[in-house]
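Okay, here's what each chain looks like letter by letter:
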Amino acid sequence: MTSSFVLLVVAKAPVPGLAKTRLCPPATPAQSAEIAAAALLDTLDAVCAVPGAEPVVAMTGDLGAAARSAEIGRALRRATVVPQRGWDFGARLANAHADAAAVHAGLPILQIGMDTPQVTPASLAAAIAPVRHGEHDSVLGPAEDGGWWALGLAEPRHAQVLAGVPMSRDDTGERTLRALRRCGLRPASAVRLSDVDTMADARAVAAACPDGRFAHAVAAVGGRAVA
């Protein structure tokens, strides 16, 4: 099948003590890293199963010290891996788009993180559809916490607007939407999702995807079963 877009995953090595620290307590640092690793692996499975998508992963952190490092390493062989670069998260996101575009020139990009393991191949294809079909030049997927979980761009150069948007705030989504509109884009809206910051988030997301690695990793914390 001919490639029709890039699916860009921005990821961090799930190192105990550095990954998903807001899950502690009740999770231990090791359990939090296991949850993060499971989220990344489930996300990569979904990304690599999307028809017509070219998977690219912008990675940071010490994968050798990460939970499930060998399994993650095998999963990454299915994608093109580029290092994250930049002075803050907004700049790293913008540079990740530029680096993905350099590898796969001329293709639109849908960028996600590793905090929404409930995504499926169908939901990812639906998120980028307005851009792929020429109905919109961009798409933004809002997150329940006021941020966003997905950004699709017909022209990856427009990702440079992210370098000026404060990240990890309850108004990051609205600020990103305004930045896109200021540069002349007409963003569509993808489905709203919850990403994983707290254990309450993790349990809610696990309930939405009960059969994946993520749900099993969450269920291991405190011995509670996934609803």
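Residues numbered from 1 in each chain as written. Predicted model: local features only at pLDDT ≥ 70, side-chain atom pairs only at ≥ 80, totals over all residues. Heavy atoms only, no water.

- Going by an unreviewed UniProt entry, the protein chain carries the name DUF2064 domain-containing protein and comes from Amycolatopsis eburnea.

A few points about the state of the cysteines
Right, on to step 1. Scanning the model with the defined rule gives 0 disulfides in all.
Right, on to step 2. Its sulfur unpaired, Cys24 is 20 Å from the next cysteine sulfur, which belongs to Cys209. (Disulfide = S-S within 2.5 Å.)

A short note on the sheet that holds strand β6 (residues 148–153)
Pairing between the strands of a sheet comes from backbone hydrogen bonds, and it takes one of two forms, parallel or antiparallel.
Right, on to step 1. Strands sit in the order β3-β2-β1-β4-β6-β5-β7 across an open sheet of 7 strands; the sheet is mixed. Only two strands of the sheet have a single neighbouring strand rather than two, namely β3 (80–83) and β7 (187–189). This sheet shows a mean twist of 20° between the axes of neighbouring strands, independent of strand direction.
Right, on to step 2. In this structure, strand β2 (residues 53–60) lies alongside β3, joined through 4 bridges in parallel fashion. Pairing of Ala58 across the sheet is with Val82, part of β3. (Pairing = 2+ DSSP bridges. Helix = DSSP H or I, 4+ residues; strand = E, 2+ residues; numbered from the N terminus. Axes fitted to C-alpha atoms, helices over the stretch in contact; angles between N-to-C directions.)

Re helix α3 (residues 89–103)
Right, on to step 1. In this model, α3 (15 residues) spans 21 Å end to end at C-alpha, consistent with the 21 Å of a helix rising 1.5 Å per residue.
Right, on to step 2. Burial in α3 covers these residues: Gly90, Ala91, Leu93, Ala94, Asn95, Ala96, His97, Asp99 and Ala100.
Right, on to step 3. Packed against the buried residues of α3 are β1 (5–12), β2, β3, β4 (109–112) and β6. (Expected span 1.5 Å × (residues − 1). Buried < 20%, exposed > 50% of the residue type's maximum accessible area, 1.4 Å probe, protein only. Contact = heavy atoms within 4.5 Å.)

Focus: the nonpolar core
Soluble globular proteins tend to bury their nonpolar side chains together.
Right, on to step 1. The biggest cluster of nonpolar side chains holds 39 residues, and the ones touching the most others in it are Leu7, Val57, Leu110, Ile112, Leu124 and Trp149.
Right, on to step 2. Listed by contribution, the elements that provide at least two residues to this core are β1, α1 (29–48), β2, α2 (69–76), β4, α4 (121–132) and β6.
Right, on to step 3. With 8 residues, the top contributor of residues to this core is α1.
Right, on to step 4. Counting 23 residues, the second largest nonpolar core, distinct from the first, contains Leu93, Ala96, Ala159 and Leu185. (Core = buried A, V, L, I, M, F, W, Y, C linked by side-chain atoms within 4.5 Å.)

Here we look at the pattern of salt bridges
Right, on to step 1. Tallied over the full model, the rule gives 12 salt bridges.
Right, on to step 2. A salt bridge links Asp45 to Arg213, with the shortest nitrogen-to-oxygen separation between them at 2.9 Å. Of the two residues, Asp45 is situated in helix α1 and Arg213 in helix α7 (residues 213–219); the sequence distance between them amounts to 168 residues.
Right, on to step 3. Arg213 sits in the partly exposed class, given a relative accessible area of 25%. (Salt bridge = Lys/Arg side-chain N within 4 Å of Asp/Glu carboxyl O.)

Section: the side chain of Gln118
Right, on to step 1. Among the secondary structure elements, Gln118 is positioned in the loop between β4 and α4.
Right, on to step 2. Here Gln118 is in contact with Leu193, Ser194, Val205, Ala208 and Cys209, once residues within four sequence places are set aside.

Description of the packing of α1 against α2
Right, on to step 1. Between α1 and α2, the least distance of the axes is 10 Å, while the angle of their chain directions is 20°. What the angle tells us is that α1 and α2 run roughly parallel. Seen along the crossing, α1 lies across α2 with a hand that is left-handed. Packed against α1, whose contacting residues are Ala37, Leu40, Leu41 and Leu44, the element α2 presents Glu71, Ile72, Ala75 and Leu76 at the interface.
Right, on to step 2. Taken together, the residues of the contact of α1 with α2 sort by class into 7 nonpolar, no polar and 1 charged. (Parallel < 35°, antiparallel > 145°, perpendicular 65-115°, else oblique. Left-handed = near helix turned anticlockwise from the far one by under 90°. Nonpolar A, V, L, I, M, F, W, Y, C, P; charged D, E, K, R; others polar.)

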